Amino acid sequence: MLHRDPPPGAGRQVDFSTGDVRRSVLAVAAPMLVAQVLNLLYNIVDRIYIGKIPGEGTLALAGLGLCFPLVTLVTAFANLFGVGGSPLCAIARGQKDNRTAGRIMTNAWFMLLVCGVVLTALGLVFHKPILYLFGASDSTYPYAADYLTIYLLGTVFVMTSLGLNPYINCQGFARTGMLTVLLGAVVNIALDPLLIFGAGLGVRGAAIATVISQGLSALWVVRFLTGPKTELRLVLRGFRPDWACIRRVAALGTSSFVMSFTDSLVQVACNATLRSFGGDLYISVMTVINSVRQIAQTPVMALSDGASPVISYNYGAGNVPRVRKAIRFMTQLGFGYTMLFWGLVSLFPAAFISIFNHEEALLAAAVPALHIYFFGFVMMAFQFSGQSVFKSLNKAKHAVFFSLLRKAFIVVPLTLLLPHLFGLGVNGVFLAEPISNIIGGLACYITMRRTVMPELTAMEQRAAQTL
């Protein structure tokens, strides 16, 4: 489970304990940004090609959008044991307890495999009623079913690649983590046009390309974590589940799980409401807007994920000044980026929409919806910053609460209620997002400042008294 003396080949490992904190954060965040952008390409490229299938692009795009909640649910379970265990792993490394760190990683992989198998079976058996529940019509169901039934066959691959990659990053091997996603993304981009258009497989071709690419990414992750260059080695020989360890991982991972799960819940609520108030066209509009949002939030997510192992490691080591600097840098850079992107979306909405579809009806409906949806996008920086700190410091209850607050307690009720008020109709669905960003983002960040900062001050005072 443990490789105590990393060989010279591990020289690209980032040392979280020394040097400029900003450089440490960026050394992890930059490769993670590339990795997350590439990971985003798995689905974005599918949507770009599918949206441009002659004569059926808009319906096919709506069908793909109906699959998002289930795809997001798979990601939620990957985050439960991936994002949930990696901060604990980093804290243990900061405490020089590599044995515990290795045990956390191995138990997480076991649960990722179990969840992958269960989700595959349940999805294949119940996909039809689920898709109709999520807002499918007789016109969009065939596209959704063609994509989803093939995608589900690669669930174990998705769980392994997404769930184990954080354990590569938390050891400081951010470039290797980036290569995990690069491998799959390049294969997916290459296969998509060949299978969608060349082989005439349509949405099925997109799903096949995704499964193959995720399989290669999973193989890369497992090969690295069982090889000689890793500091913590993945070993299943003689393995027995440590349920106490699994409960700790799941407790912290619940916040990331809830964030992804509530994203899935929001997508279901949006699709079902839009189906009633606007029809299949507005499900296509939401599919495009969700794609733009994913593009927009990827850099700020990479920044917060890049800061997380730096914060966790130095918190475990008791180095409070470096924890403070990492939090400050993450928040300031995230605020600047989200402000910039908000401006770009406001000025050039049609350019972002046209990436996915050029049809006039969709463009006319999507432009005003995009303006509403992205209003106050800058507040997402505060949500990600506060949420990242809570996860990094193993404050599971706070992380879970604020995950639920923004999506489950604000977005979903507003999505269902606002379309019925003041004649808002479909605009009410898009208005729910900015309201939740403002309320949820500020609440999360202010609470983090009021709870975490006094604790860090107390840690400094105790350290000073022992000197």
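From a predicted model like this one, the values you see are computed outputs, not experimental measurements.

J.: Tell me what's going on with the overall build of the protein, and back it up with residues and numbers.
T.: Per the secondary structure count, the protein includes 16 helices and 0 strands. Taking 2.2 N^0.38 as the reference for a compact globule, 467 residues should give roughly 23 Å; the C-alpha atoms of the protein span a radius of gyration of 22 Å, in line with that estimate. Overall, the protein is about 70 × 45 × 35 Å in size when its C-alpha atoms are taken along their principal axes. Residues classed as buried in the protein amount to 59% of the 467 residues present. In the structure as shown, the protein presents an accessible area of about 18,300 Å², 66% of it carried by carbon and sulfur atoms. When the 34 positive and 19 negative side-chain charges of the protein are each reduced to one mean point, those points stand 11 Å apart.

J.: Quick rundown of helix α6 (residues 155-169)? Include the residues and the values.
T.: In this model α6 runs 22 Å from its N-terminal to its C-terminal C-alpha over 15 residues, within 8% of the 21 Å that 1.5 Å per residue would give. Here α6 lies mainly inside the structure; 12 of its 15 residues are buried. For α6, the complete set of buried residues consists of Thr155, Val158, Met159, Thr160, Ser161, Gly163, Leu164, Asn165, Pro166, Tyr167, Ile168 and Asn169.

J.: Account for the pattern of salt bridges, with residues named and values stated.
T.: Evaluation of the coordinates by the stated rule reveals 6 salt bridges. Arg324 is the partner of Glu460 in a salt bridge, and the nearest nitrogen-oxygen pair spans 3.4 Å. With Glu460 in helix α16 (residues 426-466) and Arg324 in helix α11 (residues 320-347), this pair connects stretches of sequence that are 136 residues apart. Residue Glu460 is classed as partly exposed on the basis of its relative accessible area of 31%.

J.: Give me the side chain of Thr287: which residues, what numbers.
T.: Topologically, Thr287 is positioned in helix α10 (residues 280-317). Among residues more than four places away in sequence, those in contact with Thr287 are Leu61, Ala62, Gly65 and Phe68.

J.: I'd like a rundown of the nonpolar core, residues and numbers included.
T.: Soluble globular proteins tend to pack their nonpolar side chains together in the buried interior. Val285, Phe374, Phe430 and Leu456 are the most contacted members of the largest nonpolar core, which has 70 residues in total. At 13 residues, the largest contribution of residues to this core is made by α10. In this structure Val285 touches Leu362, Ala365, Ala366, Ala369 and Phe430, once residues within four positions along its chain are discounted. Counting 69 residues, the second largest nonpolar core, distinct from the first, contains Ala76, Leu119, Phe257 and Ala396.

J.: Any details on the packing of aromatic side chains? Residues and values, ideally.
T.: In this structure the tally under the stated criterion is 19 aromatic pairs. When the ring of Tyr49 is compared with that of Phe197, the centres are 5.9 Å apart and the planes differ by 70 degrees; the resulting orientation is edge-to-face. Here Tyr49, found in helix α1 (residues 21-50), pairs with Phe197, found in helix α7 (residues 174-198); they are 148 residues apart in sequence, far enough to count as distant. Given a relative accessible area of 38%, Phe197 falls into the partly exposed group.

J.: Outline the state of the cysteines, supporting the account with residue identities and numerical values.
T.: Applying the stated criterion across every chain yields a total of 0 disulfides. Here Cys67 stays unpaired: no disulfide links it, and the sulfur of Cys270, its closest cysteine neighbor, is 16 Å away. Its relative accessible area of 0% is what places Cys67 among the buried residues.

J.: Break down unusual backbone geometry for me, with residues and values.
T.: Note: most residues except glycine have negative phi, and most peptide bonds are trans. Its identity as a non-glycine residue notwithstanding, Lys96 has a phi of 60 degrees, on the positive side. In this structure, Phe422 is a non-glycine residue whose phi angle is positive, near 55 degrees.

J.: Outline the packing of α6 against helix α8 (residues 203-225), supporting the account with residue identities and numerical values.
T.: Orientation of α6 relative to α8, taken along the N-to-C sense of each, is 40 degrees, at an axis distance of 8 Å. By the angle between their axes, α6 is oblique relative to α8. Our pair here, α6 against α8, has a crossing hand that is left-handed. Touching Phe157, Val158, Thr160, Ser161, Leu164, Asn165 and Ile168 of α6 are Val211, Gln214, Gly215, Ser217, Ala218, Val221, Val222, Phe224 and Leu225, all from α8. Here the contact of α6 with α8 is composed, by residue class, of 10 nonpolar, 6 polar and no charged.

J.: If you had to explain empty space enclosed by the protein to someone new, which residues and values would you point to?
T.: Tallied over the entire structure, the rule returns 3 cavities of 30 Å³ or more. Considering only enclosed or pocket space, the second largest cavity measures out at about 80 Å³ in volume. Every residue lining the second largest cavity is counted, 14 residues in all, and those nearest its centre are Val266, Asn290, Tyr373, Lys407 and Glu433. For the lining of the second largest cavity, the elements supplying multiple residues, two or more each, are α9 (243-277), α10, α15 (396-417) and α16. Here the lining of the second largest cavity is built from residues that sort into 7 nonpolar, 3 polar and 4 charged.

Calculation criteria
- Residues numbered from 1 in each chain as written.
- Predicted model: local features only at pLDDT ≥ 70, side-chain atom pairs only at ≥ 80, totals over all residues.
- Heavy atoms only, no water.
- Helix = DSSP H or I, 4+ residues; strand = E, 2+ residues; numbered from the N terminus.
- Rg over C-alpha atoms; globule rule 2.2 N^0.38 Å.
- Buried < 20%, exposed > 50% of the residue type's maximum accessible area, 1.4 Å probe, protein only.
- Areas by Shrake-Rupley, 256 points an atom, 1.4 Å probe, with all protein chains shown as cover.
- Lys, Arg positive; Asp, Glu negative; His and termini not counted.
- Charge placed at Lys NZ, Arg CZ, Asp CG, Glu CD.
- Expected span 1.5 Å × (residues − 1).
- Salt bridge = Lys/Arg side-chain N within 4 Å of Asp/Glu carboxyl O.
- Contact = heavy atoms within 4.5 Å.
- Core = buried A, V, L, I, M, F, W, Y, C linked by side-chain atoms within 4.5 Å.
- Phe/Tyr/Trp six-rings, centres within 6.5 Å; stacked < 30°, edge-to-face > 60°.
- Disulfide = S-S within 2.5 Å.
- Axes fitted to C-alpha atoms, helices over the stretch in contact; angles between N-to-C directions.
- Parallel < 35°, antiparallel > 145°, perpendicular 65-115°, else oblique.
- Left-handed = near helix turned anticlockwise from the far one by under 90°.
- Nonpolar A, V, L, I, M, F, W, Y, C, P; charged D, E, K, R; others polar.
- 1 Å grid on protein atoms, 1.4 Å probe; cavity = no way out; pocket = protein on both sides within 12 Å on 5 of 7 lines; lining within 4 Å.
- Points joined across faces, edges and corners; volume = space filled by probe spheres on them.

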